[in-house]
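Analysis of the macromolecular model
Listed below are the residues making up each chain.
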Amino acid sequence: MIPPFLHPFARPAAENFVTIVRGSGARVTDAEGTEYVDAMASLWYCNVGHGRAEIADAVARQLRQLDAFHTFEMFSNEPADEVAGILADLAPVPGSRVFFTSSGSEAVDSALKIARLAQAVRGEPQRRFVVSRRPSYHGVTYGGMAATGLPANQELFGSMLPDVVQTPKDDLEAVRAVFEQHPGQVAAVIAEPVIGAAGVYPPQPGYLQGLRRLCDEHGAWLIMDEVICGFGRLGRWWGAQRFDVRPDLTTFAKAVTSGYLPLGGVLVAPAVRQVLESDASLVLRHGHTYSGHPAACAAAVVALDIIRREGLMDRAGKVGDRLSTGLRALHADGQIADVRGDGAVWAAGLDDVDAAAVRDAMLPHGVIARPIGTSTISFCPPLVIDDDDIDRCVEALDRAVSDVRKRAVG
Ligand SMILES: Cc1ncc(COP(=O)(O)O)c(C=O)c1O
């Protein structure tokens with residue numbers, strides 16, 4: 001029977017779903033009582049692992065004291081102010097301010113709007129163009145979808161946001177050409193430090209710094225989309241620090257609360273905030289009902305403290321070393337075609353087996369991974385995953401690839 005819940009990124013005609021009922025650490029359990037290793041930190045977000053009572057307690061305390069009150073105009077709340085202070089201290093560029101959203105897509109849209117607004121306020125309203133990459137993933141709202149470099153995600157949704165130009169990943173000359181074709185008209189370049197949901201591709205050495213240089217030469221802002229890379233995934237607070245780049249705008253979401261409640265946002269570095277603050281009569285006509293929601297911000301305060309206190313950024317490197325060593329051994333055995341990643345986010349490239357079939361075949365082996373397209377299986381486990389469960393992820397992939405091959409022959 002088709003259920004009432006119309007699922008995201010699923011076939012509307014699909015009838016069968018796995019109902020997850022509880023989680024603890026790097027494990028989740030379904031309604032049948034089957035336990036799985038959560039090899040994807042759910043959807044690239046649960047860095048601190050599942051079942052943290054102290055986050056639940058902080059949220060409950062906040063909801064009992066003040067459920068919510070909006071932050072438009074003159075109003076604020078204590079958790080939003082507190083987590084803004086924490087994020088400003090952590091920001092890749094000192095002196096940043098924080099704009100809040102509830103999701104990564106809203107964060108990307110907010111960054112695109114702030115980028116264009118700041119260009120207009122500094123006297124360059126003709127700067128409308130946004131350069132993004134192919135492949136890339138920046139979300140599903142019209143702004144985020146237009147920036148996303150995955151043609152399948154744009155099909156059948158009508159016209160995209162105009163003035164978005166995509167260049168192939170790692171191709172600095174293509175970005176330079178866009179600047180030359182549209183002189184004085186580019187507002188911003190947006191890039192993920194490591195391309196995540198579009199396939200897990202780390203940047204070529206020097207590429208991100210090259211983007212920074214081109215933005216400086218041509219008067220554009222650099223937006224780093226850290227929705228996956230932020231908060232320890234690459235062994236530092238930010239991918240920007242991992243690759244030594246200085247963004248003007250930084251989008252974040254996911255692991256800011258490790259997903260316990262929805263929260264996202266944009267770090268606005270001094271170069272941009274000073275433009276916005278320079279006109280005392282300017283009103284930022286942008287914001288969401290739940291920007292700075294106190295319960296989500298209360299969750300973030302604790303989730304960020306856990307990452308710091310438990311040294312999870314250091315753990316990311318160890319998780320990545322063990323996972324990538326296991327994947328490379330599968331590659332050496334001819335089980336998988338390619339291994340790529342950085343920090344604690346990795347992918348196995350497949351050639352003769354379908355990624356969705358491999359994901360399905362991993363479930364009976366007790367691991368939930370994620371297919372990307374037809375030829376990639378991604379891994380982005382909670383940073384608290386232990387060595388046995390990392391090995392279990394690799395073994396499950398190994399056995400699933402064999403199972404799918406056997407079925408194809410049989
Ligand atoms: C880099 C990046 N940007 C934006 C988004 C969109 O975030 P959300 O799904 O919270 O809207 C994602 C989601 O995976 C992402 O990985």
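Use the structure listed above.
Owing to the predicted nature of the structure, the values given are computational and were not obtained by experimental measurement.

Take the overall build of the protein chain next. Broken down by element type, the protein chain carries 14 helices and 15 strands. Taken over the C-alpha trace, the protein chain has a radius of gyration of 21 Å; the compact-globule value for 410 residues is 22 Å, and the two agree within 12%. For the protein chain, the spread of C-alpha atoms along the three principal axes comes to 70 × 55 × 45 Å. For the protein chain, the residues scored as buried account for 51% of the 410 residues in total. Partitioning the contacts of the protein chain with sequence separation of at least 6, the portion at a separation of at least 24 is 71%. Total accessible area on the protein chain stands at roughly 18100 Å², and carbon and sulfur atoms take up 52% of it.

All right, on to the site of the ligand then. Near the ligand the following residues occur: S103, G104, S105, Y137, H138, G139, E192, D225, V227, I228 and K254. G104 is positioned such that a nitrogen or oxygen atom in its backbone is 2.8 Å from an oxygen atom of the ligand. Interatomic distance of 2.5 Å between a side-chain N/O atom of S105 and an oxygen atom of the ligand. Here the ligand has 390 Å² of accessible area as a free molecule, and 84% of this is covered by the chains. Partitioned by chemical class, the residues of the shell around the ligand number three nonpolar, five polar and three charged.

Taken as a whole, this structure holds three aromatic pairs when the rule is applied. Through a chain of ring-to-ring contacts, the aromatic side chains of F231, W238 and F252 assemble into a single cluster. In this structure, R122 packs its charged tip against the face of W221, placed 4.1 Å from the ring centre.

Read from one edge to the other, the open sheet built from seven strands follows the order β4-β10-β9-β8-β7-β5-β6, with strand pairing classed as mixed. The sheet is open, and its two edges are formed by β4 (97-101) and β6 (164-168), each paired on a single side. With direction set aside, neighbouring strand axes in the sheet form an average angle of 25°. The sheet contact formed by strand β5 (residues 129-134) and strand β7 (residues 186-191) spans three bridges and is parallel. In the strand pairing of β7, V131 is matched with V189.

Covered by surrounding structure in strand β15 (residues 376-379) are T376 and S378 together with I377 and F379, the residues of both alternating faces. Two elements, strand β14 (residues 370-372) and β15, share three bridges in a ladder whose sense is antiparallel. When the bridges of β15 are listed, P371 appears paired with I377. Between β14 and the antiparallel strand that follows it, β15, lie three residues; G373 among them carries a positive phi value of about 60°.

What follows covers the side chain of T251. Within the secondary structure, T251 sits in strand β9 (residues 249-252). The buried category is assigned to T251, whose relative accessible area is 0%. A polar contact of 2.8 Å, which involves the side chain of T251, links it to the side chain of D225. With residues up to four places along the chain from it excluded, the contact list for T251 reads A107, V108, A111, I223, M224, D225, E226, V227, G265 and V266.

It is worth spelling out the pairing of strand β8 (residues 221-225) at this point. In terms of burial, β8 is a largely internal element, five of the five residues being buried. On β8, burial covers both faces: W221, I223 and D225 on one face and L222 and M224 on the other are all buried. Two elements, β7 and β8, share four bridges in a ladder whose sense is parallel. Paired with I190 across the bridge in β8 is I223. The parallel pair β7 and β8 is bridged by helix α8 (residues 207-218), and the resulting crossover is right-handed.

Looking now at the packing of helix α2 (residues 53-65) against helix α11 (residues 294-309). Where α2 contacts α11, the axes come no closer than 8 Å and their chain directions differ by 155°. When the interaxial angle is binned, α2 and α11 end up roughly antiparallel. In the crossing of α2 with α11, the sense of the turn from one axis to the other is right-handed. Between α2 and α11, the residues in contact are E54, I55, A58, V59, Q62 and L63 and P294, A295, A298, A299, V302, A303, I306 and R309, respectively. Of the residues belonging to the contact of α2 with α11, the class tally is 11 nonpolar, one polar and two charged.

With that settled, the discussion passes to the sheet that holds strand β3 (residues 35-38). Pairing within the open sheet is mixed, and its four strands lie in the order β1-β2-β3-β13. The strands lining the two open edges of the sheet, one partner per strand, are β1 (20-24) and β13 (367-368).

What counts and what doesn't
Residues numbered from 1 in each chain as written. Predicted model: local features only at pLDDT ≥ 70, side-chain atom pairs only at ≥ 80, totals over all residues. Heavy atoms only, no water. Helix = DSSP H or I, 4+ residues; strand = E, 2+ residues; numbered from the N terminus. Rg over C-alpha atoms; globule rule 2.2 N^0.38 Å. Buried < 20%, exposed > 50% of the residue type's maximum accessible area, 1.4 Å probe, protein only. Contact = heavy atoms within 4.5 Å. Areas by Shrake-Rupley, 256 points an atom, 1.4 Å probe, with all protein chains shown as cover. Near = heavy atom within 4 Å. Polar contact = N/O pair within 3.5 Å; in protein donor to acceptor, adjacent residues only side chain to side chain. Nonpolar A, V, L, I, M, F, W, Y, C, P; charged D, E, K, R; others polar. Phe/Tyr/Trp six-rings, centres within 6.5 Å; stacked < 30°, edge-to-face > 60°. Lys NZ or Arg CZ within 6 Å of the ring centre and 35° of its normal. Pairing = 2+ DSSP bridges. Axes fitted to C-alpha atoms, helices over the stretch in contact; angles between N-to-C directions. Right-handed = clockwise from strand over helix to strand, strands pointing away. Parallel < 35°, antiparallel > 145°, perpendicular 65-115°, else oblique. Left-handed = near helix turned anticlockwise from the far one by under 90°.

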